[in-house]
Amino acid sequence: MNNGDTNSADNAVNRCKKTDPEEIQISVPWGHISGKWWGPRDKRPVVAIHGWQDNSGTFDNLALLLPSNIALLSIDLPGHGFSSHLPDGQFYYVFWDGVLILRRIVKHYKWDKVSLLGHSLGGAISFLYAASYPDEVDLVISLDIVSPNVRDVTKTTGVTGEYIDKFLKYELMSLDSIPCYEYDDMLNIVHTAYDGSITKESAKTLMKRGIIPAYSRGKYFFSRDPRLKVSLLGMLSLDLVLAYASKIKCAYLNIRAVPGMKFEQPEYYHIVLEKIKLQARKFEYHEVEGTHHVHLNEPEKIVPIITNFLLQNYRQQN
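Residues numbered from 1 in each chain as written. Predicted model: local features only at pLDDT ≥ 70, side-chain atom pairs only at ≥ 80, totals over all residues. Heavy atoms only, no water.

Along the chain, the regular secondary structure elements total 11 helices and 11 strands. Taken over the C-alpha trace, the chain has a radius of gyration of 19 Å; the compact-globule value for 318 residues is 20 Å, and the two agree within 12%. Each of the three principal axes of the chain carries a C-alpha extent, and together these read 55 × 45 × 40 Å. Out of the 318 residues belonging to the chain, those deemed buried represent 53%. Taking contacts inside the chain between residues at least 6 apart in sequence as the whole, the part at least 24 apart equals 77%. Carbon and sulfur atoms make up 51% of the accessible area of the chain, which amounts to about 14600 Å² in all. Taking the average location of the 35 positive side-chain charges in the chain and that of its 36 negative ones, the two points are 4 Å from each other. (Helix = DSSP H or I, 4+ residues; strand = E, 2+ residues; numbered from the N terminus. Rg over C-alpha atoms; globule rule 2.2 N^0.38 Å. Buried < 20%, exposed > 50% of the residue type's maximum accessible area, 1.4 Å probe, protein only. Contact = heavy atoms within 4.5 Å. Areas by Shrake-Rupley, 256 points an atom, 1.4 Å probe, with all protein chains shown as cover. Lys, Arg positive; Asp, Glu negative; His and termini not counted. Charge placed at Lys NZ, Arg CZ, Asp CG, Glu CD.)

Take a look at the structure:
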């Protein structure tokens, strides 16, 4: 495990300045992508991408600990947080949707380079983007994931018809038929659904963008699109994942939580990392004790690692 020199990172964290982020909206053909811009607006930000059915609030606690001179743009993926849901009739293919959304954001700001920070689904999207545009990504920081999950093909074929039928059911749901709850009940639902991965306080943080008021006074809906529940089709095989991994050339940092996320084939994690390591301009791997959402629950465990990696990369660029 590469621990690196975190002294400069610790000093930078101690100099951080907590400021409120600026809410941003980026127009897309079907609505908008929402997000929060932390830090200076005159610097190209690190684009932070959250996990499946989370939202940009997953990076709130981490962003508060970053040095004040580092800009961070945390986005809500389509159907998540405050971003528009995909148009009626459109199935979610979250990995590929994410790459396309990221490309739209890069084009919107006219960046010729992009820096990426991704957790879970966001890390998988960052992996695919860095492989698809290898000369336009300067760094990737991936939290508790390395690539899109490689699943047992028999499980994928077994759920395809079920997912399609559920999708058709979800798209017919009206606002009147979507369940709504009081705040404390929603908090308990969210906390329980994550099965120990998040704390009650972390659930409150996610719910700032995860719920919207219902017509009934004092009750709320979940803001995310219910169609996301059946969005995990279009997964990749191991050979395709490795082919993408071989295209990544940027500086690459992977932080694995222990015990973290459970994978069907955990041995694939390091097989893919080794493929990335062959081509990456810089490569780091760290393990930290924590759940899959360690970045949200205990960001102080990973902020020095991330800050040190960013500062080293910025020095090399200059």
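Helix length check: helix H5 (residues 153-170), at 18 residues, gives a terminal C-alpha distance of 25 Å against a target of 26 Å (1.5 Å per residue), a fit within 8%. Where H5 bends most, the angle comes to about 40°, and this point is valine 159. Of all the residues in H5, the buried ones are Val159, Tyr163, Phe167 and Tyr170. (Expected span 1.5 Å × (residues − 1). Bend = angle between axes of the 7 residues up to and from the residue.)

So, on to the sheet that holds strand S7 (residues 181-182). The strands making up a sheet associate through hydrogen bonds between their backbones, and the pairing can be parallel or antiparallel. Spatial strand order, S7-S9-S8: 3 strands in an open sheet with antiparallel pairing. Of all the strands in the sheet, just S7 and strand S8 (211-213) have a single pairing partner and so form its edges. Two elements, S7 and strand S9 (residues 219-222), share 2 bridges in a ladder whose sense is antiparallel. Each bridged residue has a counterpart across the sheet, and for glutamate 182 the counterpart in S9 is lysine 219. (Pairing = 2+ DSSP bridges.)

Turning to the side chain of arginine 256, a few remarks are in order. Inspection of the secondary structure assignment puts arginine 256 in strand S10 (residues 251-259). When sequence neighbours within four positions are dropped, the list of residues in contact with arginine 256 reads Asp144, Met261, Phe263, Tyr269, Tyr285, His286, Glu287 and Val288.

We now examine the environment of glutamine 279. Position of glutamine 279 relative to the elements: it lies in helix H9 (residues 267-279). Since its relative accessible area comes to 45%, glutamine 279 is described here as partly exposed. Between the C-alpha atoms of glutamine 279 and lysine 249, which are 30 residues apart in sequence, the distance is 5.3 Å. Residues in contact with glutamine 279, not counting those within four places in the same chain, are Ser246, Ile248 and Lys249.

Throughout the structure, instances matching the rule amount to 10 aromatic pairs. Ring centres of tyrosine 109 and tryptophan 111 lie 4.8 Å apart, and the angle between their planes is 15°; on these two criteria the pair is classed as stacked. Classification of tyrosine 109 by relative accessible area gives partly exposed; the value is 22%. Geometrically, the ring pair formed by tyrosine 181 and phenylalanine 222 is tilted, given 6.3 Å between the ring centres and 55° between the ring planes. Placement of the pair is tyrosine 181 in strand S7 and phenylalanine 222 in strand S9, with a sequence separation of 41 residues. Taking the relative accessible area as the measure of exposure, tyrosine 181 reaches 26% and is therefore partly exposed. Taken together, the aromatic side chains of Trp37, Tyr109 and Trp111 make up a single cluster linked through ring pairs. If you follow arginine 41 out to its NZ or CZ, it ends over the ring of tryptophan 37, 4.1 Å from the centre. The ring of tyrosine 133 carries arginine 103 above its face, with NZ or CZ at 3.7 Å from the centroid. (Phe/Tyr/Trp six-rings, centres within 6.5 Å; stacked < 30°, edge-to-face > 60°. Lys NZ or Arg CZ within 6 Å of the ring centre and 35° of its normal.)

With that settled, the discussion passes to the side chain of histidine 286. Secondary-structure assignment places histidine 286 in strand S11 (residues 282-290). Overall, histidine 286 belongs to the buried group, its relative accessible area being 2%. Side-chain polar atoms of histidine 286 contact the side chain of glutamate 284, separated by 2.8 Å. (Polar contact = N/O pair within 3.5 Å; in protein donor to acceptor, adjacent residues only side chain to side chain.)

Right, let's talk about unusual backbone geometry for a bit. The general pattern is negative phi for most residues beyond glycine and trans for most peptide bonds. Residue proline 259 is reached from valine 258 by a cis peptide bond, and omega for that bond is 15°. Assignment of secondary structure puts proline 259 in strand S10. With a phi angle near 55°, serine 120 is a residue other than glycine that sits in the positive phi range. Examined against the element boundaries, serine 120 turns out to sit in the loop between strand S5 (114-119) and helix H4 (121-132). With a phi angle near 60°, aspartate 144 is a residue other than glycine that sits in the positive phi range. You can see aspartate 144 is positioned in the loop between strand S6 (137-143) and H5. Residue class for aspartate 144 comes out buried when judged on its relative accessible area of 1%.

This next bit is on the confidence of the model for the chain. Chain-level pLDDT for the chain is 92 on average; 93% of the residues reach the 70-or-more range. This stretch, residues 1-17, has a pLDDT under 50; its non-local contacts, to residues over four places away or in other chains, come to 32 contacts. (pLDDT = per-residue confidence, 0-100.)

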